[in-house]
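Each chain, letter by letter, is given below.
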Amino acid sequence: MWQGDRVMISPEQVRLVSGASAPILLLGGAPAHGALPVLRVVDGAVPALDGWSVFARLTMCVLDGPGDAGCLVPTLGGSFDTDGVARWCEEVGRAGGALVVSLPDPSDLTGQLDWPALLDGGSRGGFAPAAD
């Protein structure tokens, strides 16, 4: 699963979104952004991220992609709420993965998000299956 050199990113570059139809790993300014495809929902379905996986645990979340693409997010402590991270990880397990939505800059994570625009070409990503 974790191969090559991955980049650890700051918790300020990540939002873990629960309560949607699938848990969402929302990234801002992550090095993996350029390696992810443009995200477009087609006929109500989110495309799969071939060659990518998400490893979600209370202490860390790893987005692992092809080659050296990917990132690690420490989730224990810092700005994350432990109960919220635990719920999000459980949702990833139940859903069999997470929707990855990547934005170019960390400042894009602040404020209200225009989800319809993000899911129709305004971001990069797709559904990453859960890794064991």
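A quick note: this is a predicted structure, and the numbers were derived from the prediction, not measured.

Concerning the pairing of strand E7 (residues 70-74)
If a strand is regular, its side chains alternate between the two faces of the sheet.
Link 1 in the chain: For E7, the buried fraction is high: four of the five residues fall into the buried class.
Link 2 in the chain: By the bridge criterion, two bridges tie strand E1 (residues 7-8) to E7 in an arrangement that is parallel. Pairing of Met 8 across the sheet is with Leu 72, part of E7.
Link 3 in the chain: Relative to E7, strand E6 (residues 60-64) runs antiparallel, the two being bridged by five bridges. Paired with Asp 64 across the two strands is Gly 70, which belongs to E7.
Link 4 in the chain: Count of turn residues in the E6/E7 antiparallel hairpin: five residues, of which Gly 67 carries a positive phi of about 60°.

Side note on the sheet that holds E7
Link 1 in the chain: Taken together, the four strands give an open sheet; going across it, the order is E1-E7-E6-E5, and neighbouring strands pair in mixed fashion. Each edge of the open sheet is held by one strand with a lone partner, namely E1 and strand E5 (53-56).

Points about unusual backbone geometry
Link 1 in the chain: Positive phi, normally seen in glycine, also occurs at Asp 43, with a value near 50°.
Link 2 in the chain: Among the structural elements, Asp 43 can be located in the loop between strand E4 (38-40) and E5.
Link 3 in the chain: Overall, the relative accessible area of 81% leaves Asp 43 in the exposed class.

Some details on helix H1 (residues 82-95)
Since the α-helix packs 3.6 residues into each turn, any two residues three or four apart lie on the same face.
Link 1 in the chain: Relative to the 20 Å expected for 14 residues at 1.5 Å per residue, H1 spans 20 Å between its end C-alpha atoms, a close match to the ideal helical length.
Link 2 in the chain: Within H1, burial applies to Gly 84, Val 85, Trp 88, Cys 89, Glu 91 and Val 92. One face of H1 carries all of its buried residues, which in axial projection span an arc of 160°. Of the residues in H1, the exposed ones pointing more than 90 degrees away from the buried face are Asp 83, Gly 93 and Arg 94.
Link 3 in the chain: For H1, the secondary structure elements touched by its buried residues are strand E2 (14-17), strand E3 (24-28), E5, E6 and strand E8 (97-103).
Link 4 in the chain: Trailing H1 by a residue or two, Gly 96 shows a phi angle of about 75°, which is positive.

Thresholds applied
- Residues numbered from 1 in each chain as written.
- Predicted model: local features only at pLDDT ≥ 70, side-chain atom pairs only at ≥ 80, totals over all residues.
- Heavy atoms only, no water.
- Buried < 20%, exposed > 50% of the residue type's maximum accessible area, 1.4 Å probe, protein only.
- Helix = DSSP H or I, 4+ residues; strand = E, 2+ residues; numbered from the N terminus.
- Pairing = 2+ DSSP bridges.
- Expected span 1.5 Å × (residues − 1).
- Arc of directions from axis to C-beta.
- Contact = heavy atoms within 4.5 Å.

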